[in-house]
Amino acid sequence: MSELSINTTQNVNINFTAASVGERILASFLDMLIKGAYFIVVFFIFFYWIGISKVMDGLDYWSNAAIVFIFSFPVLIYSITLESLLEGQTFGKKIVKIKVVKIDGYQAGFGDYLIRWFFRIVEKNSIFILVGIIAMSTNKKTQRIGDMAAGTAVITLKNNVTINSTILEELGSQYVPTYSQVIKLSDNDVRIIKDTFELAIANGDYEIISKLRHKIEFVTGIKSQTKIEADFIRIIIRDYNYYTQNM
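All values reported here derive from a predicted model rather than from experimental measurement.

*Asks:* How do you make sense of the side chain of Arg144 when you look at a structure like this?
*Replies:* Take Arg144: it is sitting in the loop between helix 7 (128-138) and helix 8 (145-150). With relative accessibility at 9%, the residue Arg144 sits in the buried group. In contact with Arg144, not counting residues within four places along its chain, are Arg24, Arg116, Phe119, Arg120, Glu123, Gly132, Ala135 and Met136.

The structure is reproduced here in structure tokens:
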């Protein structure tokens, strides 16, 4: 796996590990299994049990094509719908613990997922499958053609570094946590928060600290009880340590 360094517009470098080709293929395979299971259920319920296939025998070609398209539509929009709703993940990606991100440091948006979806249709047909695999294998960010067009990359969420060397902090026995909602965060989330925060403090970049605070509030539903944004982030890190050490 290769390291992927994302440079934000505030010139803050955030390091991620690019998902391997194997992880991406496995996620795609799992998504294919889910789509296959959908078709099996649809065929059994609607075509076999309810008997839509008998009705289709008396219809013209275009009517039959329309019915097939309607039942196939959820599969066609599977990736773009889930990536939009799950912030860069399909069920397969979620199981493998990888996700889509923008290489400029921003969360990927619907337009980015749309571009990736369009190119996926092209890449998964005939010789373009091989082209996509070669592109990922030869690119240090393991980007397929759709990623290059959308300016995205797929990263792994697996934390290969132990929590002890990244986010663990000594807390006094009398420490009282403030925000119980921090348990919504993962070790990797807090590692990124801590690394970004420490770098922003070192650079005096209060804009990135403010954006980091807003992002934490949005993801966790927490409302800051202090007007000092840096203190809020410090409390978040300490509270997460408290709850994970006592769970």
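Don't stop here, the text continues.
*Asks:* What is the right way to read the pairing of strand 3 (residues 98-102) from this model?
*Replies:* Every regular strand shows the same layout, with side chains that alternate between the two sheet faces. Burial runs high along strand 3: five of the five residues are buried. Burial along strand 3 is two-sided: the residues Ile98, Val100 and Lys102 and Lys99 and Val101 are all buried.

*Asks:* Could you clarify how one ought to interpret the pattern of salt bridges in this entry?
*Replies:* When the charged atoms of two side chains with opposite charge come close together, those side chains can pair. Under the defined criterion, the tally for this structure stands at 11 salt bridges. Between Arg116 and Asp147 there is a salt bridge, with its nearest N and O atoms 2.7 Å apart. Linking Arg116 in helix 6 (residues 110-123) with Asp147 in helix 8, this pair joins segments that are 31 residues apart in sequence. Judged by relative accessible area, Asp147 falls into the buried class, the value being 0%.

*Asks:* In this structure, what is going on with the packing of helix 4 (residues 78-85) against helix 6? I would like to understand it.
*Replies:* Between two packed helices, both the angle of their axes relative to each other and the distance between the axes serve to describe the pair. The contact between helix 4 and helix 6 brings their axes to 9 Å, and the two run at 155°. In terms of orientation, helix 4 lies roughly antiparallel with respect to helix 6. Seen along the crossing, helix 4 lies across helix 6 with a hand that is right-handed. Residues Ser79, Ile80, Glu83 and Ser84 of helix 4 touch helix 6, and the partners they reach there are Phe110, Tyr113, Leu114, Arg116, Trp117 and Arg120. Looking at side-chain class alone, the contact of helix 4 with helix 6 contains five nonpolar, two polar and three charged residues.

Thresholds, definitions, all that
Residues numbered from 1 in each chain as written. Predicted model: local features only at pLDDT ≥ 70, side-chain atom pairs only at ≥ 80, totals over all residues. Heavy atoms only, no water. Helix = DSSP H or I, 4+ residues; strand = E, 2+ residues; numbered from the N terminus. Buried < 20%, exposed > 50% of the residue type's maximum accessible area, 1.4 Å probe, protein only. Contact = heavy atoms within 4.5 Å. Salt bridge = Lys/Arg side-chain N within 4 Å of Asp/Glu carboxyl O. Axes fitted to C-alpha atoms, helices over the stretch in contact; angles between N-to-C directions. Parallel < 35°, antiparallel > 145°, perpendicular 65-115°, else oblique. Left-handed = near helix turned anticlockwise from the far one by under 90°. Nonpolar A, V, L, I, M, F, W, Y, C, P; charged D, E, K, R; others polar.

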